[in-house]
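Spelled out from the first residue to the last, the chains are:
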Amino acid sequence: MANICIIDGHPDPAPRHLIHALCDAYAEGAAQEDHAVSRINVGSLDFGFLSTPDDFATPPPEPVLSERQKIADADHLLIAFPLWLGGMPAKLRAFFEQAARAEFFLAASDSAHKWPMQMMKGKSARTVITMGMPGLVYRFGMDAGALRALERGVLGLSGFSPLHHTILGGAGEVDEAKFKRWCTDMRIFGREAV
């Protein structure tokens, strides 16, 4: 049994969005295998942006402080968001910046190598990105920039491994069959905690 934290990165908490449905399907699959599931709905949180390096050295304010405890307690993360202007929505990015405060993801090294300590070792993650463009265009034409930045910059540096991802292109015109197929895939990922 795994402890899973679902980070729903859509900045709009209205229930009509595809990202919310995909996160729901993942949670349903996880529940079928009795995995423990917590959820962070970024769109429902109220927090500001970081402005100074001094702020980054101090713990984040509520509600981020309590919400990031779900990440600390998890064995596995699901991070899901829509692609906006080629990247993750600003509110999700701001959440990660706030959550990272006070050495949460990376801590100062006490060795001569000066490489930061990876505070998330032993945890795995899956990123799910939806987009209007075809997935292959994003992957190869745009070099999957937002995905690479998240996997290499936040998750990889802080020790998450293994990392998996799902790119869902053509999300602007999802018919019933595709929607059901995507939800089925998410339930499988949830059951397998991958």
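Now for a quick tour of the structure. Predicted model, so just to flag it, every value in this text is computed and none were measured.

Section: the layout of surface pockets
1) Next: If you add up the space inside the largest pocket, you get close to 290 Å³.
2) Next: Surrounding the largest pocket, 14 residues form its lining, F56, F96, E97, A100 and F105 being those nearest its centre.
3) Next: Looking at the lining of the largest pocket, the elements with two or more residues in it are α4 (90-99) and α6 (145-158).
4) Next: When its residues are assigned to classes, the lining of the largest pocket shows 9 nonpolar, 2 polar and 3 charged.

Description of helix α3 (residues 64-73)
1) Next: Every buried residue of α3 is listed here: V64, E67, R68 and I71. The buried residues of α3 occupy an angular sector of 95 degrees when projected down its axis, which confines them to one face.
2) Next: Where α3 is buried, its residues meet β1 (3-8), β2 (36-41), β3 (76-82) and α4.

Here's the deal with the sheet that holds β3
1) Next: Taken in spatial order, the 5 strands of this open sheet run β2-β1-β3-β6-β7, and their pairing is parallel. Of all the strands in the sheet, just β2 and β7 (163-168) have a single pairing partner and so form its edges. Between one strand and the next, the sheet's axes are offset by a mean angle of 15 degrees, whatever the strand orientation.
2) Next: The pairing of β3 with strand β6 (residues 124-130) spans 7 bridges and is parallel. By the bridge assignment, P82 is partnered in β6 with T130.

What counts and what doesn't
Along each chain, residues carry numbers from 1 onward, in the same order as the chain's sequence is written. Side-chain atom pairs in this predicted model are given and counted only at pLDDT of 80 or more, local residue features only at pLDDT of at least 70, and totals for whole chains, interfaces and linings cover all residues. To get the side-chain values, all heavy atoms of the structure are used, and hydrogens and water are removed first. Points on a 1 Å grid over protein atoms alone make up a cavity when a 1.4 Å probe fits among them but cannot get out, and a pocket when they form an open set with protein on both sides within 12 Å along at least five of seven lines; lining residues each have an atom within 4 Å of a point. Grid points are joined across faces, edges and corners, and a volume is the space filled by probe spheres set on the points. Counting from the N terminus, the helices are the DSSP runs of H or I reaching at least four residues and the strands are the DSSP runs of E reaching at least two. Residues were grouped as follows: Ala, Val, Leu, Ile, Met, Phe, Trp, Tyr, Cys and Pro as nonpolar; Asp, Glu, Lys and Arg as charged; and all remaining residues, including Gly, as polar. Any residue under 20% of the maximum accessible area for its type is buried, any over 50% is exposed, and the rest in between are partly exposed; the area is computed with a 1.4 Å probe on protein chains only. Taken from the helix axis, the directions to the C-beta atoms give the arc we talk about. Here, two residues are considered to be in contact whenever any of their heavy atoms come within 4.5 Å of each other. Strands pair, by our definition, only if DSSP identifies at least two bridges between them. Note on geometry: axes are C-alpha line fits, over the in-contact stretch for helices, and angles between N-to-C directions span 0 to 180 degrees.

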